[in-house]
Each structure stands twice: as structure tokens, then as C-alpha cells.
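Observations on the three-dimensional arrangement
For reference, the chains in residue letters:
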Amino acid sequence: MTADVHDQLSRPLQDLRISIMDRCNFRCTYCMPKEIFGDDYVFLPEESLLSFEEITRAAEQFAALGVKKIRLTGGEPLLRKDVPELIASLRTIEGIEDIALTTNAVMLPKQAKPLYEAGLERVNVSLDALHTDVFQEMSGRKTSPNAVLRGIDAAIEAGLGVKVNMVVRKGVNDEEVIPMARYCKEKGLTLRFIEFMDVGQTNGWDFSQVVSKKELHERVSQIAPLEALERNYFGEVASRYRYRDSDVEVGFISSVTETFCGSCTRARLSADGKLFTCLFSESGSDLRAVMRDGATDGQIHDWIRAVWGKREDRYSELRTEESARNRKKIEMSYIGG
Ligand code: SAM
Ligand code: SF4
Ligand code: SF4
């Protein structure tokens, strides 16, 4: 075994992302383009989704293997019924210190309070533009960005921590970088710019559409100079900065131009119970089958450890235009980001 491969294997398992719903009420061009995810697209049937009991049982074994943070995602996770029940159940797991959720926020005005009361601590809200036309072009829906802004306000009012995620696609929404940064700074919200990634096979990605972290940093520095902050923990994916004239933070997730596979500590569980060790995987390992075949907790534990132990993923370090185009990667709406 080379030293390099050994380093890859030694990355600890710290974070778990669980997709709980592959459907979505948006059709973001960079995630679920409507030409592919149209009315006749076949989503997962209800019975194939992991139940809340199955998710909790799996999460207990991930926690026993070192996972401290769980993030619920999708598709749109809030399209799943009774999410507060799942949060309350995950809260009971020993070792889980942090539960968060990523959402497009349109359902937060109704759901923020019950989610908070069930034990959710934080939400990451996706918002790619404040200008209505640009927002609609990015989200693929005739919705107003006000629907998302109302969701952000509801989350703040309920007591949830809020960060905003903005995917930047060159020539589509990059004019919105400064307005979004100003909006978040004024509201005291951390904004995280995400480089447009080649997840899945349907979003027509190529390098020319990526606005790099370097360029984003330069643009945001026009508002106020930025000061780099220490990372909070090993494996943190955003590089964090603070505006020098305030305490507000801004972050950059540079998965394309400054890769971070060497510190990737994240496992992903799809809504139908497949375990993925990389966002750019072609296939996952079937944890649902293991559980439904009657495995004991100990067997589930050993199975997860064996899958993680074999991991050699470093897709972003090796990415080429060719791999971006031809590798049969799973879709973002299925695996949840
Ligand atoms: N529907 C929820 C939302 O949009 O927040 C949760 C699921 S979404 C797949 C999770 C995150 O992935 C969002 O922040 C979204 O912006 C991001 N995302 C989706 N496709 C992406 C891509 N091609 N490149 C970079 N980020 C992407
Ligand atoms: Fe839906 Fe989120 Fe994907 Fe947009 S990014 S289509 S809101 S899952
Ligand atoms: Fe982790 Fe795969 Fe992303 Fe690298 S490409 S950081 S291994 S998910």
C-alpha cells in the first residue's frame, strides 16, 4: 500500500448526511434541470425510502463509529412528512452533538418552530439570487425569492441558526454575488459561496461555468476587507473569513479549484438506504438490504466500518473535463449534497 493510499484510508468518519426525500419543489438548473426531471421523471417509490426507525437505527451505528454531526438533506427534506419526529428520535442518540438540515426554505414558515422544538439546531438555506428573474432562472420555478426570504426570517424567529448557501454559475447568477453578500452581512448571516460542481450527469457542467473561490473572494472584498479565520474542526469544508469591519462571517466551498479530499470525513446515506463514501460515486453499498435482511446492530456496525475502511475516494483531486462528462455519477438531488 502506498503512503498516499494509506492517508486516504485513515480519514476518520465524522459527519453523516442523510437524504430523506429525493423529490423537490424546485428545479434548480444546476441540480434538477427540468428537461430531465420533468413530469414523467420516476422518483423513488414510498416503500423504498428508509423509515424513520431504520434511519435512527443506522445513525446509532454511525455514531458508535465516530459520527458527531448529522445533516438531513434531499431533494427537499421538508417534503417528507413529520420531519420533527425524526429530529427528536436522532436527538436521543449518544454521541450526536449537532443536527442540521439543508433546505430551500419555502416550507420553513410553517415548519421552523416544530423543527426547533424537536431539537434541530441549524438550517442551511439555499438562495442563489435576490433578483427575481435571476432567482427564477436558477431555481427553475416561477417562485419569488421572497418565499425563501420569508423562510429565513421564520427560522431566525424560531431560534434556529441560519447560514445561506449560494451556488455561483458564471453568466447566470454571478452578478448577484455582491447583492447577496450585502444582504447577508446586513442581516448578520453567514453566506457560503459554493463553486458550481459536476455532480451527477445532467447539469451540463464544464469548467468555464465555475467562478473560482479566488475570484469570489476578490469580489466580496470590495464590500470590506476579509480576514481569514481558523477552521473550527478537521474536515470543515468551507474556508472561513470575517469582514474586518464587523463580526459577520463569509465562507467559500471550493470543491473544484481548491480541493479537500484529504480531509473528507463525510459519509452519505441516500433516501433508499445506499451508503456512499463520495459525492461523486457511481454506486453505493446497500445498507437497507443489510438491515431488512435481519442484521443485528453489531453486524450493521461492522458492515459500515468495512465499507468506510475500503474507501479510497479523491474524485475532486483527479477531476478532468472527461471524468466530469463521462463518469456515471449519482445525481445531487438523490444524494443530497
Ligand atoms: N433542497 C435542499 C437545498 O437546496 O438546500 C437540499 C438539497 S440540495 C441538493 C443541497 C445543496 O446542494 C444546496 O445548497 C445546493 O445549492 C447544492 N447543490 C446542488 N447542486 C449543486 C451543484 N451542481 N454544485 C454545487 N452545489 C450544488
Ligand atoms: Fe431542489 Fe435543492 Fe436541488 Fe434546488 S438544489 S433542485 S432546491 S434539491
Ligand atoms: Fe470527499 Fe469525494 Fe468530495 Fe473528495 S470528491 S471531498 S472524497 S466527497
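Here is what the cut-offs are and how they apply
Throughout this document, residue positions are counted from 1 along each chain, in the order its sequence is written. Whichever chain is written first is A, and whichever ligand is written first is 1; the rest continue in order. In keeping with the model being predicted, local features are shown solely for residues with a pLDDT of at least 70 and side-chain atom pairs are shown and tallied solely at 80 or more, while totals for entire chains, interfaces and linings include all residues. To get the side-chain values, all heavy atoms of the structure are used, and hydrogens and water are removed first. Throughout, an axis means a line fitted to C-alpha atoms (over the contacting stretch in the case of helices), and angles, computed between N-to-C directions, take values from 0 to 180 degrees. A run of H or I in DSSP becomes a helix once it reaches four residues, and a run of E becomes a strand once it reaches two; helices and strands are each numbered from the N terminus. Under this scheme an angle from 65 to 115 degrees is roughly perpendicular, one under 35 degrees roughly parallel, and one over 145 degrees roughly antiparallel; angles in between are oblique. Note on convention: the crossing is left-handed when the near helix lies turned anticlockwise from the far helix by less than a right angle, right-handed when the turn is clockwise. Any two residues whose heavy atoms approach within 4.5 Å are treated as being in contact. Three classes are used: nonpolar for Ala, Val, Leu, Ile, Met, Phe, Trp, Tyr, Cys and Pro, charged for Asp, Glu, Lys and Arg, and polar for all others, with Gly counted as polar. We call a residue near a molecule or strand when any one of its heavy atoms sits within 4 Å of it. UniProt positions are given in the numbering used here, feature names are shortened, and annotations may be inferred rather than shown by experiment. Exposure categories follow from relative accessible area, calculated using a 1.4 Å probe and restricted to protein chains: below 20% of the type maximum is buried, above 50% is exposed, and the middle band is partly exposed. Polar contact is defined as a pair of N or O atoms within 3.5 Å, subject to the rule that within protein one atom must be able to donate a hydrogen and the other to accept it, and that residues adjacent in sequence are counted only when both atoms are side-chain atoms. Side-chain atoms within 4.5 Å are what join buried Ala, Val, Leu, Ile, Met, Phe, Trp, Tyr and Cys residues into a set we call a nonpolar core. Pairing of aromatic side chains here covers Phe, Tyr and the six-membered ring of Trp, requires ring centres within 6.5 Å, and sorts the geometry by plane angle: under 30 degrees stacked, over 60 edge-to-face, intermediate tilted. Two conditions define a charge sitting above a ring: the NZ of Lys or the CZ of Arg must be within 6 Å of the ring centre, and it must be within 35 degrees of the ring normal. For this analysis, a salt bridge means a side-chain nitrogen from Lys or Arg found within 4 Å of a carboxyl oxygen belonging to Asp or Glu.

The subject of this paragraph is the packing of helix α4 (residues 108-118) against helix α6 (residues 145-158). Where α4 contacts α6, the axes come no closer than 8 Å and their chain directions differ by 25°. The orientation of α4 with respect to α6, classified from their angle, is roughly parallel. You can see that α4 and α6 cross each other, and the crossing is right-handed. Contact residues: α4 offers Leu108, Pro109, Ala112, Lys113 and Tyr116, while α6 offers Arg150, Gly151, Ala154, Ala155 and Ala158. When the residues that make up the contact of α4 with α6 are grouped by side-chain class, the tally is seven nonpolar, one polar and two charged.

Near ligand 3, the surroundings consist of Arg11, Phe260, Cys261, Cys264, Arg268, Cys278, Leu279, Phe280, Arg311, Asp313, Tyr315 and Ser316. Of the residues in the shell around ligand 3, the class split is seven nonpolar, one polar and four charged.

On to the UniProt feature "binding site: [4Fe-4S] cluster 1" (unreviewed entry) in the protein. When the UniProt feature table is mapped to this numbering, "binding site: [4Fe-4S] cluster 1" (unreviewed entry) covers Cys24, Cys28 and Cys31. In contact with Cys24, other than residues within four places in its own chain, are Met32, Gly75, Glu76, Leu79 and Asn104. Here Cys28 falls in the buried class, since its relative accessible area comes to 14%. Ignoring any residue separated from it by four or fewer positions in sequence, one finds Cys28 in contact with Pro33, Met138, Ser139 and Gly140.

A few words now on the side chain of His301. Relative to the helices and strands, His301 resides in helix α10 (residues 297-309). There is a polar contact of 3.2 Å between the side chain of His301 and the side chain of Gln61. Residue contacts for His301: discarding those within four places in its chain leaves Gln61, Ala64 and Leu65.

In the region of ligand 2, the neighbouring residues are Cys24, Phe26, Cys28, Cys31, Met32, Gly75 and Asn104. Its residues assigned to classes, the shell around ligand 2 comprises five nonpolar, two polar and no charged.

Okay, the nonpolar core next. One finds Phe62, Leu72, Ile152 and Phe193 to be the most contacted residues of the largest nonpolar core, which totals 110 residues. Filtering out sequence-adjacent residues up to four positions away, Phe193 remains in contact with Met166, Val168, Val177, Ala181, Leu216, Val220, Val250, Gly251, Phe252 and Ile253.

The subject of this paragraph is the packing of aromatic side chains. On inspection of all chains with the given rule, the structure shows eight aromatic pairs. Ring geometry for Phe37 against Tyr41: centres 4.5 Å apart, planes inclined by 40°, an arrangement best described as tilted. Judged by relative accessible area, which is 32%, Tyr41 ranks as partly exposed. Directly above the aromatic system of Tyr243 lies the positively charged group of Lys185, at a separation of 5.2 Å from the ring centroid. Its end group placed over the ring of Trp205, Arg319 keeps NZ or CZ at 5.9 Å from the ring centre.

Tallying each qualifying case throughout the model produces 21 salt bridges. With a closest N to O distance of 2.8 Å, Asp198 and Arg319 form a salt bridge. Of this pair, Asp198 sits in the loop between β6 (190-195) and α8 (213-220) while Arg319 is found in the loop between α11 (315-318) and α12 (321-326), placing the two residues 121 residues apart along the sequence. A salt bridge links Arg305 to Asp302; the shortest N-O distance between them is 3.6 Å. With Arg305 and Asp302 both in helix α10 and three residues apart, the pair spans about one turn of that helix. On the accessibility criterion, Asp302 (41% relative accessible area) is partly exposed. Here the salt bridges share partners, and the residues they tie into one network are Asp174, Glu215 and Arg219.

Moving on, we come to the environment of Leu72. Examined against the element boundaries, Leu72 turns out to sit in strand β2 (residues 69-73). The exposure class assigned to Leu72 is buried, which follows from its relative accessible area of 0%. Between the alpha carbons of Leu72 and Val83 there is a distance of 9.4 Å; along the sequence they are eleven residues apart. In this view, Leu72 contacts Ile18, Ile20, Pro77, Val83, Leu86, Ile87, Leu90, Ala100, Leu101 and Thr102; residues no more than four positions away in its chain are not counted.

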